Amino acid sequence: MAFELPKLDYAYNALDAHIDALTMDIHHSKHHAAYINNLNNAIKGSALETQGLEEILKNVSAHAPVVRNNGGGHYNHNLFWKVLSPNGGGVPKGDLADAINKYFGSFDKFKELFSAAAATRFGSGWAWLVKKDNGELVISSTPNQDNPLMDVAEIKGVPVLAIDVWEHAYYLKYQNRRPDYIAAFYNVINWDEVGRRFKL
Ligand code: MN
C-alpha cells in the first residue's frame, strides 16, 4: 500500500505567530508530499512495499539512498506535525517532566541543550529528544532526513520530540535567524503528544 500525506490536526495559519501559514502550507503540501511521492516511486514493485515505515527505517542501510532520504523525510514530518499544536507551549508534565529533570537537571537545562543541538546542526537536519532502549533520555541531531530509528544513526532510540532545522522550515519568517525560530518552537510544542510518545 502506498504511503499517503496525513492531514494536519490544525489549519496552516494556526501557528502563525510562531510558524507562518505560507511556510506550513508549502512545508506540508509540497515538501512532505514530495518525500512521500519519491518514497512510493522508489519502493514500487519491490519487497519494501509490504513493509511498514519503521521497519524500512530500522534496516535502512540495506536500501538505496532514495529510500533513506525520502523514508526518513516521511517519518520525520509525520512526527513533526504531531508535536506541534496551536494550544502548545508551556512545560512537560508527569513522567516526562520527571525524566527530563532526571536526565538534564531541569527543563531550562533541557531547553538549552536541545536548542544548541538544533542551532549547531550544520546545513539541513533535525534535532531530537530520544528515548534509548534503557529508558534514558538523550538529545541528538541528525543530518538530512536521518533519524534515531535508523540503523545508521549515531544515537538510536524512540524519537520523542523533533525540530526540523531545514531552511524550508523557517526561512520565510526568520531568514538566517535559525535561533529565533528555535526559540519560537517552544511556544507550539504539543507536550501531551511528546509525553504520549515518551511512554511508547
Ligand atoms: Mn521539513
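Placed above this text is the structure.
Just so it is clear, the model here is predicted, and its values are computed rather than measured.

Chemist: Give a description of the coordination of the manganese ion that names residues and reports values.
Modeler: For the manganese ion, the full set of protein donor atoms is H27 (NE2), H77 (NE2), D164 (OD) and H168 (NE2), at a range of 1.9 to 2.1 Å. Sequence spacing among the residues donating to the manganese ion works out to H-x49-H-x86-D-x3-H. Taken as a pair, H77 in helix α3 (residues 65-82) and H168 in the loop between β3 (158-164) and α6 (171-174) lie far apart in primary sequence, 91 residues in all.

Chemist: Please provide a residue-by-residue account of the side chain of N70, values included.
Modeler: By secondary structure assignment, the location of N70 is in helix α3. Side-chain polar atoms of N70 contact the backbone oxygen of V66, separated by 2.9 Å.

Chemist: Lay out α3 in plain terms, naming residues and giving numbers.
Modeler: Residues separated by three or four positions in an α-helix point in the same direction, a consequence of the helix having 3.6 residues per turn. With 18 residues, α3 extends 26 Å between its outermost C-alpha atoms, agreeing within 8% with the 26 Å of an ideal straight helix rising 1.5 Å per residue. For α3, the complete set of buried residues consists of V67, N70, G71, G72, G73, H74, Y75, N76, H77, L79, F80 and W81. Elements that come into contact with the buried residues of α3 comprise α1 (21-43), α2 (53-58), β1 (125-131), β3, α7 (178-185) and α8 (191-198).

Chemist: Tell me about the packing of helix α4 (residues 94-104) against α8, and name the residues and values.
Modeler: One can describe the packing of α4 onto α8 by two numbers: an axis separation of 8 Å at closest approach and a directional angle of 80 degrees. In this view, α4 runs roughly perpendicular relative to α8, as classed from their interaxial angle. Within the contact between the two elements, α4 uses D95, L96, A99 and I100 and α8 uses W191, V194, G195 and F198.

Chemist: I'd like a rundown of the pairing of β1, residues and numbers included.
Modeler: Within β1, seven of the seven residues are buried, leaving the element largely enclosed by the surrounding structure. Along β1, one buried face is formed by G125, A127, L129 and K131 and the opposite face, lined by W126, W128 and V130, is buried too.

Chemist: Give me the packing of aromatic side chains: which residues, what numbers.
Modeler: According to the stated counting rule, one finds 14 aromatic pairs in the structure shown. When the centroid spacing of 5.6 Å and the interplanar angle of 55 degrees are considered together, the rings of F80 and W81 count as tilted. Considered together, F80 and W81 belong to a single accessibility category, that of buried residues. The interplanar angle of 70 degrees and the centroid separation of 6.3 Å between the aromatic rings of F110 and W191 together place this pair among those described as edge-to-face.

Chemist: Outline the pattern of salt bridges, listing residues and values.
Modeler: Evaluation of the coordinates by the stated rule reveals eight salt bridges. For the salt bridge of K82 with D9, the shortest nitrogen-to-oxygen distance reads 3.0 Å. Of this pair, K82 sits in helix α3 while D9 is found in the segment before α1, placing the two residues 73 residues apart along the sequence. K82 gets classed as partly exposed once you look at its relative accessible area, which sits at 38%. Between R196 and E193 there is a salt bridge; the shortest N-O distance is 2.9 Å. With R196 and E193 both in helix α8, this residue pair falls three residues apart, about one helical turn.

Chemist: Summarise the sheet that holds strand β2 (residues 137-143); cite the residues concerned and give the values.
Modeler: Across the sheet, which stays open at both edges, the three strands sit in the order β2-β1-β3 with antiparallel pairing between neighbours. A strand with exactly one partner marks an edge of an open sheet, and here the two such strands are β2 and β3. Neighbour-to-neighbour, the strand axes of this sheet turn through a mean angle of 25 degrees, independent of strand direction. Here seven bridges tie β1 to β2, and the two strands are oriented antiparallel to one another. Note that in β2 the partner of K131 across the bridge is L137.

Chemist: Give a description of the packing of α1 against α3 that names residues and reports values.
Modeler: Any two packed helices are characterised by how steeply their axes cross, that is the angle between the axes, and by the distance between the axes. Where α1 meets α3, the axes come as close as 8 Å, and the angle between the chain directions of the two elements is 140 degrees. As summarised for this structure, α1 and α3 are arranged oblique, according to the angle between their axes. For the pair α1 and α3, the crossing hand works out as left-handed. Contact with α1, carried on its side by M24, H27, H28, H32, A34, Y35, I36, N38, L39, A42 and I43, involves V66, V67, N69, N70, G71, G73, H74, H77, N78, F80 and W81 of α3 and no other residues of that element. Of the residues assigned to the contact of α1 with α3, the class counts are eleven nonpolar, eleven polar and no charged.

Basis of the calculations
Residues numbered from 1 in each chain as written. Predicted model: local features only at pLDDT ≥ 70, side-chain atom pairs only at ≥ 80, totals over all residues. Heavy atoms only, no water. Donors = N, O, S within 2.8 Å, 3.2 Å for Na, K, Ca; no water. Helix = DSSP H or I, 4+ residues; strand = E, 2+ residues; numbered from the N terminus. Polar contact = N/O pair within 3.5 Å; in protein donor to acceptor, adjacent residues only side chain to side chain. Expected span 1.5 Å × (residues − 1). Buried < 20%, exposed > 50% of the residue type's maximum accessible area, 1.4 Å probe, protein only. Contact = heavy atoms within 4.5 Å. Axes fitted to C-alpha atoms, helices over the stretch in contact; angles between N-to-C directions. Parallel < 35°, antiparallel > 145°, perpendicular 65-115°, else oblique. Phe/Tyr/Trp six-rings, centres within 6.5 Å; stacked < 30°, edge-to-face > 60°. Salt bridge = Lys/Arg side-chain N within 4 Å of Asp/Glu carboxyl O. Pairing = 2+ DSSP bridges. Left-handed = near helix turned anticlockwise from the far one by under 90°. Nonpolar A, V, L, I, M, F, W, Y, C, P; charged D, E, K, R; others polar.

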